[in-house]
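# Architecture and fold: a report
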Amino acid sequence: MMSNTPISPWGKNEWNSTEDKSIDFNNIYDKILPVAKEFSKQENEDYRNFSNRYIEWIEKAYNNT
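One numbering rule holds for all chains: residues counted from 1, following each sequence as written. With the structure being a predicted model, the display of local features is reserved for residues of pLDDT at least 70 and the display and counting of side-chain atom pairs for 80 or more, all residues being used for whole-chain, interface and lining totals. For side-chain calculations, the full set of non-hydrogen atoms in the structure is used, while hydrogens and water are omitted.

## Quick notes on the overall build of the protein
Numbering of helices and strands runs from the N terminus, with a helix taken as a DSSP run of H or I at least four residues long and a strand as a DSSP run of E at least two residues long. Check the secondary structure of the protein and you find two helices and zero strands. Using a 1.4 Å probe on the protein chains alone, a residue whose accessible area is under 20% of its type maximum counts as buried, one over 50% counts as exposed, and one in between counts as partly exposed. Within the span of the protein, comprising 65 residues, buried residues form 26% of the whole. Contact criterion: two residues are considered in contact whenever any of their non-hydrogen atoms come within 4.5 Å of each other. When contacts within the protein are restricted to residue pairs at least 6 apart in sequence, long-range pairs at least 24 apart make up 42% of them. Accessible surface area values rest on a Shrake-Rupley calculation with a 1.4 Å probe, where residue burial reflects the displayed protein chains alone. When the accessible surface of the protein is split by element, carbon and sulfur atoms take 49% of a total near 4900 Å².

## Observations concerning the side chain of Ser 40
Along the chain, the position of Ser 40 falls in the loop between helix H1 (25-39) and helix H2 (45-63). Among the polar contacts made by the side chain of Ser 40, one reaches the main-chain carbonyl oxygen of Lys 37 at a distance of 2.6 Å. Apart from the residues within four sequence positions on either side, Ser 40 is in contact with Arg 48, Ser 51, Asn 52 and Ile 55. Residues adjacent in sequence count toward polar contacts only when both atoms are side-chain atoms; beyond that, a polar contact is any pair of N or O atoms within 3.5 Å, and within protein one must be able to donate a hydrogen and the other to accept it.

Structural data, given as structure tokens:
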């Protein structure tokens, strides 16, 4: 899901809803960030890697606004 938001480094694609101005992505990021931070503490390396990637994307998005 997160790869289909404005913070994705892969740009726009047919599954990307970033053109829909009614979606409050900052609100979504505010809710996902704490979850991603919890998953980044897991022993499973895949969970950590995915979570850290999303944390990085979200923090980069906040720094650019």
